Each structure stands twice: as structure tokens, then as C-alpha cells.
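Analysis of the macromolecular model
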Amino acid sequence: MDERGIGWAKRFEVYAGGLEIANAFDELTNSRDQRARFEKDMRLRRELHGRAFPPNPMDEEFLAALDLMPPSGGIALGVDRLVMYFTGAESIQDVLWLPSSL
């Protein structure tokens, strides 16, 4: 968060011919920030659902591992979207190798 309390995500998208083909992001590696997000989610879950959904235990091993991670990020490249771009397909359904009911 910046000095005004506004949170920002470091991310970008790659487009070709008006079609998103990749989505990139910066990983959250701050355990304090992640813990606060988990706690906020659990409070919201309790407010919305009461006892219908019991709280999840805090994953302390995951939080400890975050402190050991170097700054990192990732990018997801949609091969199916690349095929759409290069073949001029109108729909992703036209290029999927397994049929989908979506």
C-alpha cells in the first residue's frame, strides 16, 4: 500500500490483435500482508455465513515460507489464445483440443 492506504498490484497483460494472450503479476511475498488478508477474509466469511462455514485454520507453514521467498512474479501465456490469433478463430471453442461445455 502507498502512503494514502491505497493498494496497488504490479501486473500487466499482453494483447495481440485485440485478444488477451498473457497475464502477468507480481507475487505477494509479505507474510504480514498475507496474514491480514486471510484474517479479513475469515471475518467477512463469518459475517456473511455465520456458522455455516467454519473458519479455516491459519496456514502458518505457508506464511513462514513467504518470508523466505525472494521477490517474484509470474506470467500465464494462453497457448489456446495464441492459436486463436494465428488461425483467426472467432471463438476459443474452435481451437480447444478437448470439447468444453462452457
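Residues numbered from 1 in each chain as written. Predicted model: local features only at pLDDT ≥ 70, side-chain atom pairs only at ≥ 80, totals over all residues. Heavy atoms only, no water.

Tallying secondary structure elements over the protein gives three helices and three strands in all. Ordered by position in the sequence, the α and β elements of the protein form the string β-β-α-α-β-α. Scaling as 2.2 N^0.38, a compact globule of 102 residues should have a C-alpha radius of gyration of about 13 Å, whereas the protein reaches 19 Å, well beyond that. With the C-alpha coordinates of the protein rotated into their principal frame, the extents come out at 45 × 35 × 30 Å. A buried classification covers 13% of the 102 residues belonging to the protein. (Helix = DSSP H or I, 4+ residues; strand = E, 2+ residues; numbered from the N terminus. Rg over C-alpha atoms; globule rule 2.2 N^0.38 Å. Buried < 20%, exposed > 50% of the residue type's maximum accessible area, 1.4 Å probe, protein only.)

Residues with a pLDDT of 70 or more make up 95% of the protein, whose mean pLDDT is 88. Model confidence for the protein, summarised as mean pLDDT per element, is weakest for strand β2 (residues 19-26) at 90 and strongest for helix α2 (residues 60-68) at 96. (pLDDT = per-residue confidence, 0-100.)

Under the counting rule described, the total for this entry stands at three salt bridges. Ionic pairing is found between Glu13 and Arg11, a salt bridge with its closest N-O pair at 3.1 Å. The class of Glu13 is partly exposed, set by a relative accessible area of 31%. Given the relative accessible area of 42%, Arg11 is considered partly exposed. Here Arg37 and Asp33 are joined by a salt bridge, their closest N and O atoms 3.4 Å apart. (Salt bridge = Lys/Arg side-chain N within 4 Å of Asp/Glu carboxyl O.)

Glancing now at the sheet that holds strand β1 (residues 11-16). Spatial ordering of the open sheet is given by β1-β2-β3, a layout of three strands whose pairing is antiparallel. Taken across any chain shown, the strands that pair with only one partner, and hence form the sheet edges, are β1 and β3 (73-77). When strand polarity is set aside, the average angle formed by the axes of neighbouring strands in this sheet is 15 degrees. Sheet analysis places β2 next to β3, joined by five bridges and oriented antiparallel. (Pairing = 2+ DSSP bridges. Axes fitted to C-alpha atoms, helices over the stretch in contact; angles between N-to-C directions.)

The tally for this structure, following the rule as stated, stands at two aromatic pairs. Centroid distance Phe38 to Phe62: 6.2 Å. Interplanar angle 45 degrees. Geometry classified as tilted. Placement of Phe38 in helix α1 (residues 31-49) and of Phe62 in helix α2 is noted, with a sequence separation of 24 residues between them. Taking 5.2 Å as the distance between ring centres and 70 degrees as the angle between the ring planes, the aromatic pair formed by Tyr85 and Phe86 counts as edge-to-face. With relative accessibility at 41%, the residue Tyr85 sits in the partly exposed group. (Phe/Tyr/Trp six-rings, centres within 6.5 Å; stacked < 30°, edge-to-face > 60°.)

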